[in-house]
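This is what each chain is made of:
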Amino acid sequence: MTPIPSLVHSAEKASRILGGLPDPVFTYGLEIRSTPPAWDWSRIRSMEESVSDFTYSHTHEGGVHVMDFSLAASHSPALLEGAGSLLREDSPLAMLHLSRVRNGILVHIPSHVRSEAPILLPPLPLTFSHYLIVAEPHSSVSLILPESHPSHSSFVSTVVEVFAASHSKVSIVSQQTFPLSCVRSSFKRAHVSDHASVDWFWVEHGTAFSISEISSDLQGEESSTQNIGVVTGSDSQIFDLDQSVYHFYPSSKSRLLTRGVLDDSAKCVYRGLLKMTPNAPGSIGNQRADFLLLSPSSEADPVPALEIEGSEVRCSHAATVGRLDREKLFYLSSRGLSEEVARSLYIQGFLEHLLKQFPLHDSMEAVRSCLAQSLDLSSHVDSLGVPEEGFS
């Protein structure tokens, strides 16, 4: 495959930056850390992309174009100029990705195109997968991002970058189901212009160690973002989640909502940040993270934060970590339910509080079934098909 000039330039710059960065550190404060015993940065850093010559091209409803980077470089090279530009240069894993990526998928939504049907993006047979989404003014699209690797690599890296122009709307739903033998890093970034919105909906329950960062820059008046996700873990899985929103313009809005259920010796570190800059009066930001621990050995460390540099804004943040409520379980059991079914209902209701806010309702049953199976919930209860009321 002919090298893509914009990627070659980005890779050379990222390689130079990576050479001057320290090794990744997964310790936050004095006691909070997520580094797994099997973490081997020297091996990961030595990895190269083994596949780059795949091709893909499809035009969806209304003229939404989905194509691989090599094809995009031939037809619309200007659209690729943003690839990698939203990644932080102080992140070793992000710079490693940018120095290694050789191909990817471009999604281009032309101006005033409003795609009604959700678009399933193609899974990439790559160690370093890159998706670039460019939404032109007054466009809208709903995307389903596959996060289950077709190969059996011990490490995978995924980057999603979204550029949402004025009055555009982008919604992305993802379910991460990589095998438990895998270490995975993921960076999802959005640049959101005036009156535009980018909404992230995600489920995490695969990999041995998952490093996931989702960040949105609200770069226009009345821009908005939602970041709503569910994480479930068992065995010795570790999840390192970083969620952030930066408000740069007036009257921008954000919601960060996370719920997690952890069993066995699974662990999750959650770090959330809402930052209000001085130029964002009238902005609103809400953040909440709730975790349910099912065993004495499971652990959750939520660290929500607010940085407020201006005035006339409204912000809130909250975090809870708890265990199964024995009184509620007793109440369910008193209604004739077995202990197993009562426990399953309790857990399912806890997760349903956020799952019911996901779009694409027709495809959510498969997600609910996968979550129920991963948590070994009772087969006598419809998979997460219970009302949430009373279990929040």
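A brief report on the enclosed structure follows. Note that this is a predicted model, so its numbers are computed, not measured. (Residues numbered from 1 in each chain as written. Predicted model: local features only at pLDDT ≥ 70, side-chain atom pairs only at ≥ 80, totals over all residues. Heavy atoms only, no water.)

Observations regarding the overall build of the protein chain
Which entries qualify depends on this criterion: Helix and strand definitions here come from DSSP, where helices need a minimum of 4 consecutive H or I residues and strands a minimum of 2 consecutive E residues; each element is numbered from the N-terminal end. As defined in this context, the radius of gyration uses C-alpha atoms, and a globule is described by 2.2 Å times the residue total to the power 0.38. Relative accessibility under 20% of the residue-type maximum defines a buried residue, over 50% an exposed one, and the middle range a partly exposed one, all with a 1.4 Å probe and only protein chains included. In what follows, a contact means two residues having at least one pair of non-hydrogen atoms within 4.5 Å. Accessibility throughout is a Shrake-Rupley quantity obtained with a 1.4 Å probe, and a residue counts as covered only by protein chains that appear here. As used throughout, the charge tally considers Lys and Arg to be positive and Asp and Glu to be negative, leaving His and the chain termini uncounted. Charge positions are represented by NZ for Lys, CZ for Arg, CG for Asp and CD for Glu.
Tallying secondary structure elements over the protein chain gives seven helices and 20 strands in all. In terms of overall size, the protein chain behaves like a compact globule, its C-alpha atoms giving a radius of gyration of 21 Å where 392 residues would be expected to give roughly 21 Å. Seen along its three principal axes, the alpha-carbon backbone of the protein chain occupies a region of about 65 × 45 × 45 Å. Taken over 392 residues, the protein chain has a buried fraction of 56%. The contacts in the protein chain between residues at least 6 apart in sequence include a share of 83% that link residues at least 24 apart. Counting every atom, the protein chain has about 16200 Å² of accessible surface; 51% of that belongs to carbon and sulfur. The positive charge centre, built from 28 side chains, and the negative charge centre, built from 45, are 3 Å apart in the protein chain.

With respect to the pattern of salt bridges
This is how the line gets drawn: Just to be clear on terms, a salt bridge is a Lys or Arg side-chain nitrogen sitting within 4 Å of an Asp or Glu carboxyl oxygen.
One pass over the structure, following the stated rule, counts 15 salt bridges. Among the ionic pairs, Lys188 bridges to Glu147, the shortest N-O distance being 3.1 Å. Of this pair, Lys188 sits in strand E11 (residues 183–192) while Glu147 sits in strand E8 (residues 140–147), and the two are 41 residues apart along the sequence. Here Arg288 ties to Asp290 by a salt bridge, and the two come within 2.8 Å at their closest N and O atoms. In this structure Arg288 comes out as partly exposed when scored by relative accessible area, which is 37%. What you see here is one network of salt bridges that share partners, running through Glu147, Arg184, Lys188 and Glu204.

A few points about the packing of aromatic side chains
The geometry of an aromatic ring pair comes down to the distance between the two centres and the angle between the two planes. Applicable threshold: Any two of the Phe, Tyr and Trp rings considered here, Trp counted by its six-membered ring, make a pair once their centres fall within 6.5 Å; the pair's planes then place it as stacked at under 30 degrees, edge-to-face at over 60, or tilted in between. Charge-over-ring contacts are defined here by two conditions on Lys NZ or Arg CZ: a distance within 6 Å of the ring centre and an angle within 35 degrees of the ring normal.
Under the criterion given, the structure shown has seven aromatic pairs. The interplanar angle of 85° and the centroid separation of 5.8 Å between the aromatic rings of Trp39 and Phe209 together place this pair among those described as edge-to-face. Highlighted residues: Trp39 in the loop between strand E2 (32–33) and helix H2 (41–45) and Phe209 in strand E13 (residues 209–218), separated in sequence by 170 residues. Of the two residues, Trp39 and Phe209, neither departs from the other in class, the shared state being buried. Taken together, the aromatic side chains of Phe26, Trp39, Trp41 and Phe209 make up a single cluster linked through ring pairs. A cation over an aromatic ring shows up here: Arg259 above the ring of Phe350, its NZ or CZ 4.6 Å from the ring centre. Over the ring of Tyr28 we find Arg271; its NZ or CZ atom is 3.9 Å from the centre of that ring.

Remarks on the nonpolar core
In plain terms, the rule: Only buried residues count toward a nonpolar core, which is a set of Ala, Val, Leu, Ile, Met, Phe, Trp, Tyr and Cys residues joined through side-chain atoms within 4.5 Å.
Formed by 44 residues in total, the largest nonpolar core has its most connected members in Val107, Ile133, Val162, Ile172 and Trp200. Among all residues touching Trp200, those that are not within four sequence positions of it are Val160, Val162, Ile172, Lys188, Arg189, Ala190, Ile214, Ser216, Thr225, Gln226, Asn227 and Ile228. Among the nonpolar cores identified, the runner-up in size contains 37 residues, and Ala14, Trp39, Trp41 and Val183 belong to it.

Focus: the sheet that holds strand E20 (residues 314–323)
The cut-off we apply is this: When DSSP finds at least two bridges between two strands, those strands are taken to pair. To get an axis, a line is fitted to the C-alpha atoms, and for a helix only the part in contact is used. The angle between two axes follows their N-to-C directions and goes from 0 to 180 degrees.
The sheet built from eight strands is open, its strands ordered E6-E8-E10-E12-E14-E16-E18-E20 with parallel pairing. Because the sheet does not close on itself, it has two edges, and the strands there are strand E6 (119–120) and E20. The strands touched by helix H6 (residues 339–355) are strand E12 (197–204), strand E14 (224–233), strand E16 (253–262), strand E18 (284–293) and E20; relative to E16, the strand with the most contacts, the crossing angle is about 160°. Against the sheet, helix H7 (residues 364–374) contacts strand E10 (169–176), E12 and E14, and its axis sits at roughly 35° relative to E14.

Overview of the state of the cysteines
Defined as follows: The disulfide criterion is simple: two cysteine sulfur atoms within 2.5 Å.
According to the stated counting rule, one finds zero disulfides in the structure shown. Left without a disulfide partner, Cys268 is nearest to the cysteine sulfur of Cys182, which lies 17 Å away. Exposure remark for Cys268: the relative accessible area of 0% places this residue in the buried category.

A closer look at H7
Quick reminder of the rule: The arc in question is the one spanned by the directions pointing from the helix axis to the C-beta atoms.
Within the span of H7, buried status applies to Met364, Val367, Arg368, Leu371 and Ala372. The buried residues of H7 occupy an angular sector of 135° when projected down its axis, which confines them to one face. Of the exposed residues in H7, those oriented more than 90 degrees away from the buried face are Ala366 and Gln373. Turning to H7, the residues buried within the fold contact E10, E12, E14 and H6. Positive phi appears at Asp376, one or two residues downstream of H7, with a value of about 55°.

What about the pairing of E14?
Regular strands place side chains that alternate from one sheet face to the opposite one. Among the 10 residues of E14, nine are classified as buried, and the element is accordingly described as predominantly covered. When E12 meets E14, the two strands line up parallel, connected through eight bridges. Note on E14: the bridge partner recorded for Phe201 is Ile228.

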